[in-house]
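Breakdown of the fold
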Amino acid sequence: MTDTTPQPLITDPSVVATSGDIDPAAPLVGIQHNYDYIIVGGGTAGCVLAYRLSEDPNVTVLVVESGGNNEDQLFSKIPTLFSKMFKSDADWAYYTEPQEALDNRKLFWPRGKLLGGSSSMNAMMFTEGAPSDYEQWVRLGAKGWGYSDIKPYLRKVEGHVPHTQHPNPFQEYRGDNGLVKTGFSHCAPVVRDYLKASAKNGVEYNPDLNTGTNALGGTEIMSFIDDKGHRSSAATAFLNAETLARPNLRVLINATVTRVLFTSGTKPRAAGIEIATGPADAARYRAAANKEVILCAGAIGTPQLLLLSGIGPREQLEKLGIKVVIDQKWVGENLSDHPSTGSISFRAKPGTTLDYLNEPDGAGPALQEWLEKGTGVLTSNVAETAIFIRSTDTKRHPFSSKANELNVVKDATSGPDAPDVEMIGAGIAFLEHGFQTGPAGSNFFTIFPILLRPSSVGYLKLRSANPWDKPYIDPKCYSHPNDMAVMVRAIRLALRIARSEPLADKLDLKPHSTDKQDVFWPGDADPDVITDSEIAAFIRRNAETNYHPVGTAKIGASASEGVVDPKLCVYGVEGLRVMDASVFPNQMSGHPTSIILAMAYRAADIIQGKI
């Protein structure tokens, strides 16, 4: 019988890497620890690749993760409490540069710093985007990543858990054997009323957005949740006890790769990595890769590591004294996010929302139920429902107003059946990433509008050659006027939905408010009185990220068009591959986790020569 006793996660780099002084002229000399594959980052993609590549007992795999063990994070396991990890030791807690279009505010960008990465810290939303998103990728140079290519892998990774209170008429479209569990969890009556009110504003109900047949409509959100009411992340699914028991897999945590080591020559090869434990420890460790180094450090970490390793724009690298390995203009460029407008808060009637969880001892009984049974309100992912719409569909949705002529919006979607706006409906306050609660005793219904297809594109660059300095991050949110125009329409539609039955009956709406300092403004504003300029000013004051940076090491048809080729190999070097959200050619109209999981599963087949 196979021994499935998990190997302990390693915290001492000297166990898996060679310590000692490094000769700058010969950094690969003297390395005594060799692996076939070294995976940098044990996040969403890294966990999948670790699982897939170590299936072959004849290859050795090392995973290096900067953060700690996901199993040590209770808030990672409890779906509702994900935001409690923000600004903790499980969060990189980045900040952007001041955003000129958003009143020069710096935006908080949480990113998961633990096994599973952001799949261990996000709102668990399973959405695939529209098929035309993938086809647009192909047109942008990502051959082999069309919807027909990726769809089988979306199903392979998924193990759908049917829910008795949410019968799915499209069950045949769900994967049932995958390790990542999906399903439906807690859904409050008030958010179902949100979907019914949306239907009265042209948003048809869609019981399952993830079929490849219809990416539009209003739906209860399918989430990454298992049958015990726990989060199902890349770590819980792919780095489980059975996987960790494999003798050919080693996982180092609480250690950071500071650079990739290359051979010299006309076409350098990534032959190893340098590891450190933190800025207070000067010790360096090295490990060699016989086959490949695979970067899975995310849309921030991967371009930062490429730049620190000498792959990036020559001018930037030389200015910082970094030896140029490959002059590559796209590293750190093409940064795209899913920005929100900030929460639109509505005053709800008592007893209709989950805000009691924020009261002293309010969550006690709910926590006890979750700990004992894995059921109850704490299985909610907060974002229980959402609508996906097209801002250009003026025949279907009432975007117009008596206050203004209808503003001009350009279609930025990937196709006529793809959305450009998502609006989450949540029966609880979600203010400033969950750090702020509403006034004592208040009840909130929240609509959270998200721009899915931004025209604004930003960049990332090094702050210094010090690997512990966080990079400059400038997504240039709302710098393109079309983005603001789209979201002005979205907010006006949100106000109309709130005033439609049966949702309106659950809310305590005012006829019209002009108090812009009130937490319930613009929720209390009349959609036929509030002006476009007032809505735009609200967005400038309140817009935040929806936590989906992508595109900073994008796939391209050539080195002049991207950082990696369609097989995810970095142009200009050998033995170096990238698999994470940084390779996205542009932003998708869905949340990225399921897409990254499927891409990583397919990437393993590419690496193993199966496709």
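Going by the structure above, here's the rest.
Residues numbered from 1 in each chain as written. Predicted model: local features only at pLDDT ≥ 70, side-chain atom pairs only at ≥ 80, totals over all residues. Heavy atoms only, no water.

1. Some remarks on the sheet that holds strand β16 (residues 344-347)
In plain terms, the rule: One bridge is not enough; two strands pair if DSSP finds at least two bridges between them. Each helix is a run of DSSP H or I of at least 4 residues and each strand a run of E of at least 2, with the numbering of both proceeding from the N terminus. Inter-axis angles, ranging from 0 to 180 degrees, are taken between N-to-C directions of lines fitted to C-alpha atoms, where helices are fitted over the stretch in contact. For this analysis, residues touch if any pair of their heavy atoms sits within 4.5 Å.
Pairing is antiparallel in the open sheet, where 5 strands are placed in the order β8-β17-β18-β19-β16. The open sheet is flanked by β8 (217-220) and β16, the only strands paired with a single partner. For this sheet, the mean inter-axis angle between neighbouring strands, taken without regard to orientation, is 20°. Relative to strand β17 (residues 385-389), β8 runs antiparallel, the two being bridged by 4 bridges. Its bridge partner being in β17, Glu-220 is matched across the sheet by Thr-385. In the packing of helix α5 (residues 189-199) onto the sheet, contacts are made with β8, β17, β18 (421-426) and β19 (444-451), and the angle to β17 comes to roughly 20°. Strand contacts of helix α11 (residues 481-498): β16, β17, β18 and β19, with the helix running at about 155° to β19, the strand carrying the most contacts.

2. Observations concerning the packing of aromatic side chains
To keep it simple, the criterion reads: Here a pair means two rings of Phe, Tyr or Trp (six-membered ring of Trp) with centres within 6.5 Å. Their orientation is stacked below 30 degrees between planes, edge-to-face above 60, and tilted elsewhere. The rule for a charge over a ring is simple: NZ of Lys or CZ of Arg within 6 Å of the ring centre, and within 35 degrees of the ring normal.
For the structure on display, the rule yields 19 aromatic pairs. Each ring, one from Phe-82 and one from Phe-86, has its centre 6.1 Å from the other, and the planes form 75°; the classification is edge-to-face. Three or more aromatic residues joined by ring pairs form one cluster here, namely Phe-82, Phe-86, Tyr-95, Phe-108, Phe-430, Phe-435, Phe-448 and Tyr-547. Sitting over the face of the ring of Tyr-601, Arg-52 holds its NZ or CZ atom 4.4 Å from the ring centroid.

3. Section: the environment of Phe-170
Applicable threshold: Each residue is placed in one exposure class: buried if its accessible area under a 1.4 Å probe, protein chains only, is under 20% of its type's maximum, exposed if it is over 50%, and partly exposed if it falls in between.
As for its placement among the helices and strands, Phe-170 is situated in the loop between β6 (158-160) and β7 (180-182). Judged by relative accessible area, Phe-170 falls into the partly exposed class, the value being 27%. Once the C-alpha coordinates of Phe-170 and Ala-403 are considered, the two residues, 233 residues apart in sequence, prove to be 42 Å apart. The contact partners of Phe-170, leaving out residues within four places of it in the chain, are Pro-207, Asp-208 and Thr-211.

4. Details of the packing of α11 against helix α12 (residues 532-542)
Stated precisely, the cut-off is as follows: Comment on the angle field: the value is read as roughly parallel under 35 degrees, roughly antiparallel over 145, roughly perpendicular from 65 to 115, and oblique elsewhere. For this classification, the nonpolar set comprises Ala, Val, Leu, Ile, Met, Phe, Trp, Tyr, Cys and Pro, the charged set comprises Asp, Glu, Lys and Arg, and every other residue, Gly included, is treated as polar.
Between α11 and α12, whose axes approach to 9 Å, the crossing angle comes to 105°. Here α11 is positioned roughly perpendicular relative to α12, judged by the angle of their axes. Packed against α11, whose contacting residues are Met-484, Met-487, Val-488, Ile-491 and Arg-492, the element α12 presents Asp-532, Ile-535, Ala-536, Phe-538, Ile-539 and Arg-540 at the interface. Of the residues that constitute the contact of α11 with α12, the class distribution is 8 nonpolar, no polar and 3 charged.

5. Topic: the pattern of salt bridges
To keep it simple, the criterion reads: Throughout this description, the term salt bridge denotes a Lys or Arg side-chain nitrogen within 4 Å of a carboxyl oxygen of Asp or Glu.
Across all of its chains, the model carries 28 salt bridges by this definition. Among the ionic pairs, Asp-524 bridges to Arg-347, the shortest N-O distance being 3.0 Å. Of this pair, Asp-524 sits in the loop between α11 and α12 while Arg-347 sits in strand β16, and the two are 177 residues apart along the sequence. Judged on exposure class, the residue Asp-524 and its partner Arg-347 are both buried. The salt bridge partner of Lys-510 is Asp-508, with a shortest N-O separation of 4.0 Å. On the basis of relative accessibility, which here comes to 36%, the residue Lys-510 falls in the partly exposed class. Overlapping salt bridges, with partners in common, bring together Glu-128, Arg-155, Glu-158, Arg-174 and Asp-208 in one network.

6. Considerations on the packing of helix α4 (residues 147-156) against helix α13 (residues 593-607)
Taken N-terminus to C-terminus, the directions of α4 and α13 make an angle of 105°; their axes are 8 Å apart at the nearest point. Between α4 and α13, the interaxial angle falls into the category roughly perpendicular. Touching Asp-149, Ile-150, Tyr-153, Leu-154 and Lys-156 of α4 are Ser-594, Ile-595, Ala-598, Met-599, Tyr-601, Arg-602 and Asp-605, all from α13. Here the contact of α4 with α13 is composed, by residue class, of 7 nonpolar, 1 polar and 4 charged.

7. Description of the nonpolar core
Basically, it comes down to this: In these notes, a set of buried Ala, Val, Leu, Ile, Met, Phe, Trp, Tyr and Cys residues joined through side-chain atoms within 4.5 Å is what counts as a nonpolar core.
By size, the foremost hydrophobic cluster in this structure holds 150 residues, and its most contacted members are Leu-49, Met-423, Phe-445, Ile-539, Leu-576, Met-579 and Phe-584. It is α11 that contributes the most residues to this core, 12 residues altogether. Setting aside anything within four residues of it in sequence, one finds Leu-576 in contact with Val-260, Phe-262, Ala-270, Val-293, Leu-295, Leu-306, Ile-311, Leu-568, Cys-569 and Val-570.

8. Comments concerning the sheet that holds strand β15 (residues 333-335)
Strand order in this open sheet of 3 strands is β15-β20-β21, and the pairing throughout is antiparallel. The outermost strands of the open sheet, each flanked by one partner alone, are β15 and β21 (472-474). On average, each strand axis in the sheet is tilted by 30° relative to the strand beside it, whichever way the strands run. Summarising the sheet, β15 and strand β20 (residues 458-461) pair through 2 bridges and their orientation is antiparallel. Paired with Glu-333 across the bridge in β20 is Tyr-459. Running at roughly 50° to β20, helix α8 (residues 298-308) makes contact with β20 and β21 of the sheet.

9. Focus on the pairing of strand β12 (residues 285-295)
Of all the 11 residues making up β12, 9 are buried; the element is thus mostly covered by neighbouring parts of the structure. Where strand β1 (residues 18-19) meets β12, 2 bridges bridge the pair, whose relative direction is antiparallel. What sits directly across from Ser-19, in β12, is Tyr-285. As defined by bridge partners, strand β2 (residues 34-40) adjoins β12 across 6 bridges and the pair is classed as parallel. If you follow Val-40 over to β12, its bridge partner there is Leu-295. Sheet topology note: the strand β11 (residues 270-276)/β12 ladder contains 4 bridges and is antiparallel. Of the residues in β12, the one forming a bridge with Ile-275 is Tyr-285.

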